[in-house]
Amino acid sequence: MASSSSNAGVQNPKKSLGFVANAIKRKDSSIQFFLMTGILLLSVRSVGQKYRINDLREDTSALRQEQEGITDRMNNIKSNLRAEAALEPTGLFASRLRLLFGDDN
């Protein structure tokens, strides 16, 4: 029993290599693992950016449509105001609208 207790105090170096020691021992596979992990992370980021670009394109399209709608409404309001101003006999309202809208007519 004395011999087994003396062996218990000494660790077997083959069995219990630390993480760093194991990484140094298998340097090539460790480097390959870290490179592949880096490539995987870059790929995931790239896919995320691709989806973000698609979302931004959709947002841009929606904003352009909204801008066109607002421009159409603004032009409609201007034309209605001009038509209403043309009905006024003094022409003061029409001249004031031309100044506000920057029209040369």
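Not measured: the values here are computed from a predicted model.

### A closer look at the overall build of the chain
And step 1. Assigned secondary structure in the chain consists of 4 helices and 0 strands.
And step 2. Across the chain, helices and strands are ordered from the amino to the carboxyl terminus as α-α-α-α.
And step 3. Classification of the 105 residues of the chain by burial places 4% in the buried group.

### Focus: the packing of aromatic side chains
And step 1. With the rule as written, the count across this model stands at 1 aromatic pair.
And step 2. The ring of tyrosine 51 has lysine 50 lying over it, and the distance from NZ or CZ to the ring centre is 5.5 Å.
And step 3. Cation over ring: lysine 78 sits above phenylalanine 101, and NZ or CZ is 5.1 Å from the ring centre.

### Section: the packing of helix α3 (residues 27-87) against helix α4 (residues 92-101)
And step 1. At a minimum axis distance of 8 Å, the contact between α3 and α4 shows a crossing angle of 155°. With respect to α4, the axis of α3 lies roughly antiparallel. α3 and α4 meet at a crossing whose hand is left-handed. Residue-level inspection shows Lys78, Leu81, Arg82 and Ala85 of α3 in contact with α4, the latter providing Phe93, Ala94, Leu97 and Phe101.
And step 2. Looking at the contact of α3 with α4 residue by residue, the class counts come to 6 nonpolar, no polar and 2 charged.

### Here's the deal with a nonpolar patch on the surface
And step 1. Side chains of Phe19, Val20 and Ile24 sit close together on the surface and give an oily, nonpolar patch of about 390 Å² of accessible area.
And step 2. Mapped onto the elements, isoleucine 24 comes out in helix α2 (residues 19-25).

### Considering the confidence of the model for the chain
Close reading of the predicted structure is inappropriate where its pLDDT is low.
And step 1. Across the chain, pLDDT averages 83, with 82% of residues at or above 70.
And step 2. In the predicted structure, residues 1-5 sits below a pLDDT of 50 and forms 0 contacts with residues beyond four places in sequence or in another chain.

Criteria and cut-off values
- Residues numbered from 1 in each chain as written.
- Predicted model: local features only at pLDDT ≥ 70, side-chain atom pairs only at ≥ 80, totals over all residues.
- Heavy atoms only, no water.
- Helix = DSSP H or I, 4+ residues; strand = E, 2+ residues; numbered from the N terminus.
- Buried < 20%, exposed > 50% of the residue type's maximum accessible area, 1.4 Å probe, protein only.
- Phe/Tyr/Trp six-rings, centres within 6.5 Å; stacked < 30°, edge-to-face > 60°.
- Lys NZ or Arg CZ within 6 Å of the ring centre and 35° of its normal.
- Axes fitted to C-alpha atoms, helices over the stretch in contact; angles between N-to-C directions.
- Parallel < 35°, antiparallel > 145°, perpendicular 65-115°, else oblique.
- Left-handed = near helix turned anticlockwise from the far one by under 90°.
- Contact = heavy atoms within 4.5 Å.
- Nonpolar A, V, L, I, M, F, W, Y, C, P; charged D, E, K, R; others polar.
- Patch = residues over 30% accessible without salt bridge, like charges linked within 9 Å, V, L, I, M, F, W, Y side chains within 5 Å.
- Areas by Shrake-Rupley, 256 points an atom, 1.4 Å probe, with all protein chains shown as cover.
- Salt bridge = Lys/Arg side-chain N within 4 Å of Asp/Glu carboxyl O.
- pLDDT = per-residue confidence, 0-100.

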